[in-house]
Amino acid sequence: MDRYSRMVQFLKVLLPLAAILMLSTVFLLSRSIETNVTVPFAEKDIDERLAQQVVTQPQYRGTTRKGEDVQIEAIQAKQGDEDETPNASEFRGRLGLLSGGTIFLDSNSGLIRPDERTATFVGDVVITTADGLQVTTDLLNTSLDEIRGDTPGRVNGTGPIGNFSAGRMTFGTEKKDGPVHIVFTDGVKLVYEPEKAER
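Residues numbered from 1 in each chain as written. Predicted model: local features only at pLDDT ≥ 70, side-chain atom pairs only at ≥ 80, totals over all residues. Heavy atoms only, no water.

## Observations regarding the overall build of the chain
- For the chain, the helix and strand inventory stands at three helices and 14 strands.
- A buried classification covers 27% of the 199 residues belonging to the chain.
- Nonlocal contacts in the chain, meaning residues at least 24 apart in sequence, comprise 34% of its contacts between residues at least 6 apart.
- Carbon and sulfur atoms provide 55% of the accessible area of the chain, an area that totals close to 13,900 Å². (Helix = DSSP H or I, 4+ residues; strand = E, 2+ residues; numbered from the N terminus. Buried < 20%, exposed > 50% of the residue type's maximum accessible area, 1.4 Å probe, protein only. Contact = heavy atoms within 4.5 Å. Areas by Shrake-Rupley, 256 points an atom, 1.4 Å probe, with all protein chains shown as cover.)

So this is what it looks like as structure tokens:
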């Protein structure tokens, strides 16, 4: 057997051994994995959440028939039972208009009804638009199929021209492809502030 053949035979044994040695070194030097991961809830909290069917940070994302963006989220949602209706706490919404504007909705609680394609904002409802209009009310009903909403009760607000109040507010499009309008009715009162309007 010549020198070249002996070298080939030697390498056939040496290289696999070197590969095994390198692999074992990788496993020996790798850090240990923590298997005792703590869950950030007490066992009692987990039992309550399972019993009440509580969901943390639920989110709804969708588009209207015209392609407008609708986003709704909450801190926590409960399925409810026979005596309690389903609800979500710290209910927030964002309606993206095709014109580029945005309507922000914020309330203490709320509810999405997928079967009726509606969302209801309840308690300390704040409606804010990108052009500086802010309206507060107790209850707001909105649609998930289109940018549309109404307040069955009184509203108070502030805007570029001053402070106002009204018995009711609605928003939506008057024509099929028209812009979104906000309309105040039922005893509108406006305190006009010229200085504010000029800014």
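Anyway, onward from the coordinates.
## A look at unusual backbone geometry
- Phi at Glu-90 is positive, roughly 50 degrees, even though this residue is not glycine.
- Among the secondary structure elements, Glu-90 is positioned in strand β5 (residues 87-96).
- A positive phi is found at Arg-117, a non-glycine position, where the angle reads about 55 degrees.
- When you line up the elements, Arg-117 lands in the loop between β6 (102-113) and β7 (118-129).

## Notes on the layout of surface pockets
- Its boundaries defined by the atoms lining it, the second largest pocket holds a volume of some 230 Å³.
- Surrounding the second largest pocket, 13 residues form its lining, Thr-129, Asp-131, Leu-133, Val-180 and Ile-182 being those nearest its centre.
- Elements with a contribution of two residues or more to the lining of the second largest pocket: β6 and β13 (180-185).
- Ranked by residues supplied to the lining of the second largest pocket, first place goes to β13 with four residues. (1 Å grid on protein atoms, 1.4 Å probe; cavity = no way out; pocket = protein on both sides within 12 Å on 5 of 7 lines; lining within 4 Å. Points joined across faces, edges and corners; volume = space filled by probe spheres on them.)

## Remarks on the nonpolar core
- If you look at the biggest cluster of nonpolar residues, it comprises 25 residues, and the most contacted ones within it are Ile-72, Ile-103, Phe-121 and Ile-127.
- Only β3 (69-73), β5, β6, β7, β8 (134-143), β11 (162-166) and β12 (168-173) provide two or more residues apiece to this core.
- Broken down by element, this core gets its largest block of residues, four residues, from β7.
- Setting aside its immediate chain neighbours within four residues, Ile-103 contacts Gly-93, Arg-94, Leu-95, Leu-97, Ile-127, Thr-128, Thr-129, Ile-147, Phe-171 and Val-180. (Core = buried A, V, L, I, M, F, W, Y, C linked by side-chain atoms within 4.5 Å.)

## Side note on the packing of aromatic side chains
- For the coordinates displayed, the defined rule picks out two aromatic pairs.
- Aromatic pair Phe-91 and Phe-121: ring centres 4.8 Å apart, planes at 55 degrees, arrangement tilted. Of the two residues, Phe-91 is situated in strand β5 and Phe-121 in strand β7; the sequence distance between them amounts to 30 residues. Both residues of the pair, Phe-91 and Phe-121, count as buried. (Phe/Tyr/Trp six-rings, centres within 6.5 Å; stacked < 30°, edge-to-face > 60°.)

## Things to note about the pairing of β13
- Of the pairings in the sheet, the one linking β12 to β13 comprises six bridges and is antiparallel in character. Paired with Arg-168 across the two strands is Thr-185, which belongs to β13.
- Here β12 folds back onto β13, and the loop between the two strands holds six residues. (Pairing = 2+ DSSP bridges.)

## Overview of the confidence of the model for the chain
- Of all residues in the chain, 74% have pLDDT values of 70 or greater, and the mean over the chain is 79.
- No element of the chain has a lower mean pLDDT than helix α2 (residues 43-52), which averages 54, and none a higher one than β8, which averages 94. (pLDDT = per-residue confidence, 0-100.)

## Details of the side chain of Thr-102
- Structurally, the position occupied by Thr-102 is in strand β6.
- Residue classification places Thr-102 among the buried residues on the basis of a relative accessible area of 12%.

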